[in-house]
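Close look at the chain arrangement
Here's the letter readout for the chains.
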Amino acid sequence: MKARPFLAVVLAAVLLLLSLAAAGWWLVLQRSPLQLQHQPLVSPRAARFVPRQAPLSLYLLTDGQRPEGYARAVAPGRQRRQAADAVAGLRDGAFAAAGLDYPAELASWLGPELGLALLANEPGGAADGWLLSLRSRDADGARRFLQRFWQTRSLAGTDLQISSYRGMGLISGRGALVGTTPVPIATALVNDDLVLIASGRGVLEQALDVSQIDELNQATSPSFQQALERLGKGAVLLTAQAEVLGSWLGMPAQLTGPGAVQELVASLRPDGRSLALEALLRLAPGAASPPPAPPAAAGDAGPALLAAMQGQSDSLALVQQPSLWPELWQPLLAAVLRVSEGGGDGLLPALVAAADPGPLLWSAGSQGWLLGTAVDQPDPASLEQGLAAQGLTAAPLPVEGDASVMVWTRLEAPPAGRRIGREEGAVLQASLAGARASQGQLAWWGQNLAVLQEQRESRQTPRLRLAQLAALDQPQASLQWAMAAGPAQALLQRWSTWQLLSSLAGRPLAPAVQGLSFSLEPGDGGSNSNSNSVHLSARVGFG
């Protein structure tokens, strides 16, 4: 009988130790940089000081250390220091561009939120002011920063003006941030833990004004809140109006002109060794979005095409209803099919896409491009007129017993400067512009016979590209596109925003990219919204 109390005490002690261990482990997990993968997207405090029509706003919903720690945690063993240094360089470079020294001025007190907004005096006008918000992890850090901030600039000869506005103390003057020429600066401390730095007293007073009027600030905007709810997760939040989509985010002019994309709200979060982006593009009234996937009964051809795809692929895309894509999105479709990359190589893909009700599978590899369609859509006969107008002639060409093979050729004169032998006479040369073969219920259109042979005989699927598409988890998207390292790096290096990030980091970022994928589909506008929108998902993979 005496053993029972002893066993009860032992059991209670064991349960207590297990509870403490579980609580400690939970605290470790909550503070782990890996939690950035699952961070819920919440409305930033600083959004209350940003006007709804601000051309651009950017929020980092964590402190400056966790992204660096995350990169070190997920990178391969030999690359951990290099990955952490790249993230730290980008962070320090971004703050340096804002005139702040992160290691010396911010690292000791900066908390889990910072924001930057570009402001304009006139709605739709060019940005002519900025507002920077820095949240402190304790009550004293922000105050000490402001004291050192203005003390340094006062010693440099800045005349300070101390005033009160809406019951809040403002300090303003014409001084220089680190490494910059003197400019108007104004600061305010909100609730002892939020520092506001603006490009002048007028900009700061405007921010304080909109914080008091729910109808004017970003935080209380119904569309902003709906976007946060639909995006769900993220460590970075970005909003942009039409006037900065081209100049700051590098979107093509076709999508930023009148009657196109009016606003973008995007979130970015790490996911393993990838960066995952989710974005909502609000379109102008009447602007058409890419066509959705057909109903499930008619949409089985897409998975069938992906399952039947064989051979090596550096770029793989599945397009729904390509013949119905509106003019607004045609440049994107042409970029996917490489129609603009020259000559007759892009002629057949363009004609097939224009006539195909979909779905259409596109692949590009070392052998050339390959298209996959339903066997009877489009009918090759429907393309004859367009091909004939370009000097192409269709002819059957049975290959290894396959009577379904058809080729399109063009008669061309020998290249200029070539010496022609007597036996050749004035014979013209026939160049191959494309070929087609059918397999069951599918048809394959290739740049040459070699790519059709690879599709017919290879037993190796493009596993990595298919895995990229599966990771997007958007099987019904209007467009799914996955790229290997080479095409992904080339595409990103042409993007002006990527060039800006590389310059801030002080090193090229593209060599670390191992893949890129994205999808595009019509948005539902939210349950209480009639807005016309497009949902974009993208993933950038790193080694």
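Remember, it's a predicted structure, so these values are computed and weren't measured experimentally.

**Details of the overall build of the protein chain**
Each helix and strand counted, the protein chain has 17 helices and 20 strands in total. Sorting the 543 residues of the protein chain into buried and exposed places 45% on the buried side. Taking all contacts inside the protein chain whose residues are at least 6 apart in sequence as the whole, residues at least 24 apart take part in 66%. Just so you have it, the protein chain exposes about 26700 Å², and 57% of that area is on carbon and sulfur atoms.

**Structural notes on helix 3 (residues 80-97)**
With 18 residues, helix 3 ought to run about 26 Å at 1.5 Å a step, and its terminal C-alpha atoms sit 26 Å apart, in line with that. Considered for burial, the residues of helix 3 that qualify are A84, A86, A88, G89, R91, G93 and F95. Next to the buried residues of helix 3 lie helix 2 (66-74), helix 4 (102-106), strand 2 (110-119), strand 3 (129-136) and helix 17 (496-505). Count one or two residues on from helix 3 and you reach G99, which has phi positive near 85 degrees.

**Observations regarding the packing of aromatic side chains**
In the structure shown here, the tally under the stated rule is 7 aromatic pairs. Ring centres 5.4 Å apart and planes at 25 degrees place the aromatic pair F95 and Y102 in the stacked group. Like F95, the residue Y102 is buried in the burial classification. For the ring pair F149 and W150, a centre distance of 5.2 Å and an interplane angle of 90 degrees mean the geometry is edge-to-face.

**Describing the nonpolar core**
For soluble globular proteins, nonpolar side chains are generally found buried alongside one another. With 58 residues, the main nonpolar core has W445 and L479 as its most contacted residues. If you look at the next biggest cluster of nonpolar residues, it comprises 30 residues, including A117, L204, L228 and V265.

**Quick word on the side chain of D193**
You can see D193 is positioned in the loop between strand 6 (183-190) and strand 7 (194-198). A residue is classified by how much of its surface remains accessible, and D193, at 18% relative accessible area, is buried. Beyond its immediate sequence surroundings of up to four residues, D193 is in contact with R45, L134, R135, S136 and A142.

**Section: helix 14 (residues 449-457)**
Residues V451, L452, E454 and Q455 constitute the buried set of helix 14. Buried residues of helix 14 fall within an arc of 155 degrees about the axis and therefore sit on the same side. With a side-chain oxygen positioned 3.1 Å from the backbone nitrogen of A450, the residue opening helix 14 is N448.

**Some details on the packing of helix 2 against helix 3**
Closest axis-to-axis distance for the helix 2/helix 3 pair is 7 Å, and the angle between their directions is 160 degrees. On the basis of their axis angle, the class for helix 2 and helix 3 is roughly antiparallel. Crossing handedness for the pair helix 2 and helix 3: right-handed. The residues of helix 3 that touch helix 2, namely those facing P67, E68, A71, R72 and A73, are R80, A83, A84, V87, A88 and R91. The class makeup of the residues in the contact of helix 2 with helix 3 is 7 nonpolar, no polar and 4 charged.

**Re the pattern of salt bridges**
One pass over the structure, following the stated rule, counts 12 salt bridges. With a closest N to O distance of 2.7 Å, D209 and R166 form a salt bridge. Of this pair, D209 sits in helix 6 (residues 201-211) while R166 sits in the loop between strand 4 (160-165) and strand 5 (168-175); the two residues are 43 residues apart in sequence, bridging distant segments of the chain. Overall, D209 belongs to the partly exposed group, its relative accessible area being 22%.

**Points about the packing of helix 3 against helix 17**
Taken N-terminus to C-terminus, the directions of helix 3 and helix 17 make an angle of 95 degrees; their axes are 7 Å apart at the nearest point. Considering their axes alone, helix 3 and helix 17 lie roughly perpendicular with respect to each other. Between helix 3, through G89, L90, G93, A94 and A97, and helix 17, the contact on the second element is made entirely by L501, L504 and A505.

**Comments concerning the confidence of the model for the protein chain**
Averaged over all residues, the pLDDT of the protein chain is 84; the fraction at 70 or higher stands at 85%. Within the protein chain, the lowest mean pLDDT, 49, falls on helix 1 (residues 3-31), and the highest, 96, falls on strand 18 (residues 479-483). Scored below 50 in pLDDT, residues 525-530 shows 8 contacts in the model against residues more than four places distant or in partner chains.

**Some thoughts on the side chain of E454**
With respect to the secondary-structure elements, E454 resides in helix 14. For E454, which is buried and forms no salt bridge, the nearest opposite charge comes from R459, at a distance of 11 Å. Setting aside residues up to four positions removed in sequence, E454 forms contacts with Q310, G311, Q312 and Q367.

**Examining the pairing of strand 13 (residues 368-374)**
Extensive coverage of strand 13 is indicated by the burial of 7 of its 7 residues. Both strand 12 (residues 360-365) and strand 13 contribute to a ladder of 5 bridges, which runs antiparallel. Across the sheet, L361 pairs through a bridge with G372, a residue of strand 13.

**Re a nonpolar patch on the surface**
A contiguous nonpolar patch, built from L397, L432 and L449 and spanning about 200 Å² of accessible area, is present on the exposed surface. Among the structural elements, L432 can be located in strand 16 (residues 429-439).

**Notes on the environment of I197**
Here I197 lies in strand 7. Judged by relative accessible area, I197 falls into the buried class, the value being 2%. Residue contacts for I197: discarding those within four places in its chain leaves W130, L131, L132, L134, F145, I185, A186 and T187.

**Some words on the environment of L146**
By the secondary structure assignment, L146 is in helix 5 (residues 139-155). L146 sits 41 residues away from T187 along the chain, and the two C-alpha atoms are 8.1 Å apart. Not counting chain neighbours up to four residues away, the residues in contact with L146 comprise T187, L189 and V195.

The rules behind the values
- Residues numbered from 1 in each chain as written.
- Predicted model: local features only at pLDDT ≥ 70, side-chain atom pairs only at ≥ 80, totals over all residues.
- Heavy atoms only, no water.
- Helix = DSSP H or I, 4+ residues; strand = E, 2+ residues; numbered from the N terminus.
- Buried < 20%, exposed > 50% of the residue type's maximum accessible area, 1.4 Å probe, protein only.
- Contact = heavy atoms within 4.5 Å.
- Areas by Shrake-Rupley, 256 points an atom, 1.4 Å probe, with all protein chains shown as cover.
- Expected span 1.5 Å × (residues − 1).
- Phe/Tyr/Trp six-rings, centres within 6.5 Å; stacked < 30°, edge-to-face > 60°.
- Core = buried A, V, L, I, M, F, W, Y, C linked by side-chain atoms within 4.5 Å.
- Arc of directions from axis to C-beta.
- Polar contact = N/O pair within 3.5 Å; in protein donor to acceptor, adjacent residues only side chain to side chain.
- Axes fitted to C-alpha atoms, helices over the stretch in contact; angles between N-to-C directions.
- Parallel < 35°, antiparallel > 145°, perpendicular 65-115°, else oblique.
- Left-handed = near helix turned anticlockwise from the far one by under 90°.
- Nonpolar A, V, L, I, M, F, W, Y, C, P; charged D, E, K, R; others polar.
- Salt bridge = Lys/Arg side-chain N within 4 Å of Asp/Glu carboxyl O.
- pLDDT = per-residue confidence, 0-100.
- Lys, Arg positive; Asp, Glu negative; His and termini not counted.
- Pairing = 2+ DSSP bridges.
- Patch = residues over 30% accessible without salt bridge, like charges linked within 9 Å, V, L, I, M, F, W, Y side chains within 5 Å.

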